[in-house]
There are 2 protein chains.
Amino acid sequence: MTVSKDVSGGVALWRRIADAIRLDIVGGKLASGDRLPTEALLAERFSANRHTVRRALAVLAEEGVVGAEQGRGTFVRSARRLSYPIGRRTRFREGLRGQAASLVSQSLSHRIENATAAVAAALGLKPGAKVVRTEGLSIADGRPISRSTTWLPYRLFPDFAERIAQLQSTTAVFASYGIDDYARASTRISARHADVEETKLLGLAPGAILLVSEAVDVDSAAIPISYALSRFPAERMELVV
Amino acid sequence: MTVSKDVSGGVALWRRIADAIRLDIVGGKLASGDRLPTEALLAERFSANRHTVRRALAVLAEEGVVGAEQGRGTFVRSARRLSYPIGRRTRFREGLRGQAASLVSQSLSHRIENATAAVAAALGLKPGAKVVRTEGLSIADGRPISRSTTWLPYRLFPDFAERIAQLQSTTAVFASYGIDDYARASTRISARHADVEETKLLGLAPGAILLVSEAVDVDSAAIPISYALSRFPAERMELVV
DNA sequence: ATGGATTTGTCCGTATGTATA
DNA sequence: CTATACATACGGACAAATCCA
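None of these values were measured; they are calculated from a predicted model. Residue positions are given per chain, counting from 1 as you read along its sequence in written order. Just so you know, chain letters begin at A and ligand numbers begin at 1, following the order they were written in. Reporting of local features is limited, given that this is a predicted model, to residues whose pLDDT is at least 70; pairs of side-chain atoms are given and counted only at 80 or more, and all residues count toward the totals for whole chains, interfaces and linings. Neither water nor hydrogens contribute to the side-chain values; these are computed over all heavy atoms in the structure.

1. Some remarks on the overall build of chain A
Here a strand is any run of E in DSSP of at least two residues, a helix any run of H or I of at least four, and the numbering for each starts at the N terminus. In terms of regular secondary structure, chain A is built from eight helices and ten strands. Taken along its principal axes, the extent of the C-alpha atoms in chain A is 65 × 35 × 30 Å. In what follows, a contact means two residues having at least one pair of non-hydrogen atoms within 4.5 Å. Across chain A, the fraction of contacts at a sequence separation of at least 24, relative to all contacts at a separation of at least 6, is 57%. By element, 51% of the accessible surface of chain A is carried by carbon and sulfur atoms, the whole surface being about 11,100 Å². Accessibility throughout is a Shrake-Rupley quantity obtained with a 1.4 Å probe, and a residue counts as covered only by protein chains that appear here.

Shown next as structure tokens:
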């Protein structure tokens, strides 16, 4: 929980303070129900004015991470990050089972398109080959935790989009096509700021950080069956290999 | 390369524009030597004033990512991201071999300390047990790519710090202790903003994004031998599982 | 039940940074 | 280069709610 004000670098002090406090909460240093230090103490710790600290706390309150109570103090409301295990047999819903009471996957939209060079390379297709593209959003206990775009070979899964909207689970849809098992071939992980659409859909404060995963799944014969670009809010999820 | 200005959210427009352009460069959309669109075109694309775009370009030039040439245009200078492969047999130097001409690992400092609860849990020790802690920095082709903190059981590696300063390679130091093979037991990946010390050591612009990896390595008998907390600038590195 | 200390909430004003024109 | 509008950050003062001796 340390921040210096001397260099702004285009990121406002109140935002850096909010990020630092949020990190202590989602990282587990501050547990749910804990009382935060007083505004005066935080101001001293961050070498900032109390008003600046108050703005940071207001942002965190807006996110539902903390809640202030007049005369009593400011308290931690939300829980720590969810962990998404990534390995050879990676299953989104299985991996998060037990970490959240509810896990809802929405299918936002879908279309048939021609594979770009990147998508074709990932799926082992010729550039321009027909692919199904679906946009999805996953929500755990009411908090959005993943925004994903998935491409699949049209030849293998012509009506994937219709089925995923019904079944929610990718694993279940693959099973409906007769694919009883599949494996993760590769996962590429990077990080960046959320754009405006992601900020809105994931319910994030502008400027939030996303973990970005590019994953290719293959069937038991090592044929690529899906290429997924998933974006996880770093403040709500961590990836465990 | 899209940014909207309607909501600032504590991150200045010039910084968001700089981040967006840098993302296109390190993500491979713009290759080394490519010419960027003119300042006027960029200003139009980002719905910003040309002065604001110029400030973003000035920051990128300072980082060495682009270079402006009077009357000719602005050109991409730096290369794309390095990929660090993570798996059961993860070796930092081997993984990056071929991606950079030079890879230097510095040992910044070291000390003997008592394990915190988190460190003890990771290494399977009793809280308070003696551990060796070393701080390191790795630089590829002159650009810092990793800032790491490593804890090891003092009982097994009493003078690890002295040896790593000599040998640079962790694998080589383990070999010097008679450990001919070791494996990655777990890797936990998250992301956050760089703090002031990291910003300085890694030569980043304030507010830069870090990929954070917490890794535990075990020997052939599955005994934990090291717990490493590594921070990679997201603009220079990606992790591949 | 009361007074005083603590803590958050609201108001005023001032200086500097950001972005546009 | 100037001028303008708005966001950021600081400083002080005081009100309102809570807690405890």
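2. Looking at the domain arrangement of chain A
Residues and elements named next belong to chain A. Domain boundaries assigned for chain A yield domain 1 (7-76) and domain 2 (82-240). Throughout, the edges of the domains are those of an automatic or database domain assignment. The C-alpha-based centres of domain 1 and domain 2 are spaced at 33 Å. Taken together, the four residues of domain 1 in the interface contact five residues of domain 2. Counting each side, the surface lost to burial between domain 1 and domain 2 is near 400 Å², with a carbon and sulfur contribution of 45%. Criterion for a salt bridge: a side-chain nitrogen of Lys or Arg within 4 Å of a carboxyl oxygen of Asp or Glu. At the boundary of domain 1 and domain 2, one finds one salt bridge. One salt bridge in this structure joins arginine 22 and glutamate 235, with 3.6 Å as the shortest N-O distance. Residues adjacent in sequence count toward polar contacts only when both atoms are side-chain atoms; beyond that, a polar contact is any pair of N or O atoms within 3.5 Å, and within protein one must be able to donate a hydrogen and the other to accept it. At the junction of domain 1 with domain 2, the criterion picks out zero residue pairs in polar contact (both at pLDDT 80 or more). A quick way to say it: buried area is the sum, across both parts, of accessible area lost when two parts are put together, with a 1.4 Å probe.

3. Considerations on the packing of helix H1 (residues 13-26) of chain B against helix H3 (residues 50-63) of chain B
Residues and elements named next belong to chain B. For helices, the axis comes from a line fit to the C-alpha atoms of the stretch in contact; other axes are also lines fit to C-alpha atoms, and the angle between any two N-to-C directions lies between 0 and 180 degrees. Taken N-terminus to C-terminus, the directions of H1 and H3 make an angle of 55°; their axes are 8 Å apart at the nearest point. Taken as axis vectors, H1 and H3 run oblique relative to one another. Read as a crossing pair, H1 and H3 show a hand that is right-handed. Where H1 abuts H3, its residues Leu13, Trp14, Ile17, Ala18, Ile21 and Arg22 lie against Thr52, Val53, Arg55, Ala56, Leu57, Val59, Leu60 and Glu63. Basically, the charged four are Asp, Glu, Lys and Arg, the nonpolar ten are Ala, Val, Leu, Ile, Met, Phe, Trp, Tyr, Cys and Pro, and anything else, Gly included, counts as polar. Broken down by class, the residue content of the contact of H1 with H3 amounts to ten nonpolar, one polar and three charged. Reported orientations rely on four angle classes, namely roughly parallel under 35 degrees, roughly antiparallel over 145, roughly perpendicular from 65 to 115, and oblique for the rest. It is the rotation of the near helix from the far one that decides the hand of a crossing: anticlockwise by less than a right angle makes it left-handed, clockwise makes it right-handed.

4. Details of the sheet that holds strand S6 (residues 143-153) of chain B
Between any two strands, at least two bridges found by DSSP are needed for them to pair. The strand order across the open sheet built from eight strands is S3(A)-S10(A)-S7(B)-S8(B)-S9(B)-S6(B)-S5(B)-S4(B), with neighbouring strands paired in mixed fashion. For this open sheet the edge positions go to strand S3 (82-85) of chain A together with strand S4 (103-114) of chain B, each flanked by a neighbour on one side alone. With direction set aside, neighbouring strand axes in the sheet form an average angle of 20°.

5. Remarks on the side chain of A:Glu238
Tracing the backbone through its elements, the reader meets A:Glu238 in strand S10 (residues 237-240). Within the structure, the side chain of A:Glu238 is placed 2.9 Å from the side chain of A:Ser83, a separation counted as a polar contact. For A:Glu238, the residues in contact, after removing those within four places along its chain, are A:Arg81, A:Leu82, A:Ser83, A:Tyr84, A:Leu211, B:Arg188, B:Ile189 and B:Ser190.

6. Some thoughts on the interface of chain B and chain A
One frequently used descriptor of interface size is the decrease in accessible area upon assembly of the parts. Of the residues lining the interface, 32 residues belong to chain B; the matching set on chain A comes to 32 residues. For the pair chain B and chain A, the two sides together bury roughly 2,800 Å², of which 64% comes from carbon and sulfur. Of all residues in chain B, B:Ile189, B:His193 and B:Val241 give up the largest surface area on contact with chain A, accounting jointly for 20% of the area buried on that side. Connecting chain B to chain A are nine residue pairs in polar contact (both at pLDDT 80 or more). Counting residues per element, the ones that place at least two in the side of chain B that touches chain A are H1, strand S7 (182-193), strand S8 (209-219) and strand S10 (237-240) of chain B. Among the elements that take part in the side of chain B that touches chain A, S7(B) stands out by supplying eight residues, more than any other. Across two bridges, S10(A) lies against S7(B) in antiparallel orientation. Bridge pairing in S7(B) links A:Leu239 to B:Ile189.

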